[in-house]
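Remarks on the overall topology
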Amino acid sequence: MILTVGGEKGGPGKTTIATNLAAIATQNDVDVLLINTDPQDSAGYWASNRMSIYPANKQISCISLRGDTIAKDIQDLSQRYKVVIIDAGGRDSVELRASLVVTELFLIPLRPSQFDVWTLPKLQELLVMVSPINPSIKAFVVANQVHPTSFDRARLEMQNLLSEYPKIHLLKAMLGSRAAYQNAICEGLSVTEMLKKDLKANSEILGLYSEVFNEA
Ligand SMILES: Nc1ncnc2c1ncn2[C@@H]1O[C@H](COP(=O)(O)OP(=O)(O)O)[C@@H](O)[C@H]1O
Ligand SMILES: [Mg+2]
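Let me sum up the structure you'll find in this document.

Calculation criteria
Residues numbered from 1 in each chain as written. Chains lettered and ligands numbered in written order. Predicted model: local features only at pLDDT ≥ 70, side-chain atom pairs only at ≥ 80, totals over all residues. Heavy atoms only, no water. Helix = DSSP H or I, 4+ residues; strand = E, 2+ residues; numbered from the N terminus. Expected span 1.5 Å × (residues − 1). Contact = heavy atoms within 4.5 Å. Near = heavy atom within 4 Å. Polar contact = N/O pair within 3.5 Å; in protein donor to acceptor, adjacent residues only side chain to side chain. Areas by Shrake-Rupley, 256 points an atom, 1.4 Å probe, with all protein chains shown as cover. 1 Å grid on protein atoms, 1.4 Å probe; cavity = no way out; pocket = protein on both sides within 12 Å on 5 of 7 lines; lining within 4 Å. Points joined across faces, edges and corners; volume = space filled by probe spheres on them. Nonpolar A, V, L, I, M, F, W, Y, C, P; charged D, E, K, R; others polar. Buried < 20%, exposed > 50% of the residue type's maximum accessible area, 1.4 Å probe, protein only. Arc of directions from axis to C-beta.

Looking now at helix 6 (residues 151–162). One full turn of an α-helix is made of 3.6 residues, so residues set three or four places apart face in the same direction. End to end, helix 6 covers 16 Å across twelve residues, agreeing with the expected 16 Å (1.5 Å per residue, within 8%). Buried positions along helix 6 lie against strand 5 (105–110), helix 5 (120–130), strand 6 (138–146), strand 7 (168–176) and helix 8 (199–215).

For ligand 1, the set of nearby residues contains 14 residues, the closest of which are Gly11, Lys14, Thr16, Asn144 and Gly176. For ligand 1, an oxygen atom lies 2.9 Å from a polar atom in the side chain of threonine 15. A distance of 3.0 Å is found between a nitrogen atom of ligand 1 and a backbone nitrogen or oxygen belonging to arginine 178. Burial of ligand 1 by the protein amounts to 79% of the accessible area it has alone, namely 560 Å².

Let's shift gears to empty space enclosed by the protein. Under the defined criterion, the tally for this structure stands at one cavity of 30 Å³ or more. In this structure, the largest cavity encloses a volume near 40 Å³. Lining of the largest cavity is provided by Gly6, Gly7, Glu8, Lys9, Pro12, Ile108, Pro109, Leu110, Asp116 and Thr119. Tallied by class, the residues present in the lining of the largest cavity amount to four nonpolar, three polar and three charged.

Let us now look at helix 5. Every buried residue belonging to helix 5 is among Leu120, Leu123, Gln124, Leu126, Leu127 and Val130, and all of these are buried. Seen end-on, helix 5 carries its buried residues on one side only, within an arc spanning 160°. Tucked inside the fold, the buried residues of helix 5 contact helix 4 (94–102), strand 5, strand 6, helix 6 and strand 7.

Next comes the structure, spelled out in structure tokens:
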């Protein structure tokens, strides 16, 4: 299964979500590869922090791929791993386009009430472009960094916005704005692996994991 976590903007939580999903897959004994195509390589730093801070934890292979020929590499790697998760960076790049050509699921984190939603027309355009080559691609938005007391409002706002974009669906799972996500990423962990767990973050991310992998 190939999952691309991407979008058209920096900051909505692509790396946070890609790394959490990869760590939960690993906890569930699913053979996972994290691919970073973002020049910032935050996913690579996360994986190397994990190795140096928690060497006894199950480690996660993370590689960087660049250029417009990576579709073939991703496809080859997907034969060797049950799940490939691509952290595709925050702009319309050749890497994002190449990833979308071979991906089954395109997961787009968006922050409600932020400039992120202005990227939707561009993302819809990319999906229209890639659909003839990859007709089975499915695209989902996950609302991230939602104010913990505004989930209902954020859901309505997102549903309204997305009604104009028939190719992009809203996931039920939403992630609150919580320090646990920041703390976990600094340590190379998922929120589910933290010793002192934030139970809300824990259940949100597990909800996202099961929704994403049930869609596959
Ligand atoms: N749900 C969340 N709650 C709190 N902070 C978050 C959450 N998701 C992401 N962040 C923080 O927002 C910043 C950007 O997240 P990141 O995953 O690096 O975004 P991207 O990869 O899309 O640029 C990071 O500091 C990260 O810790
Ligand atoms: Mg990132």
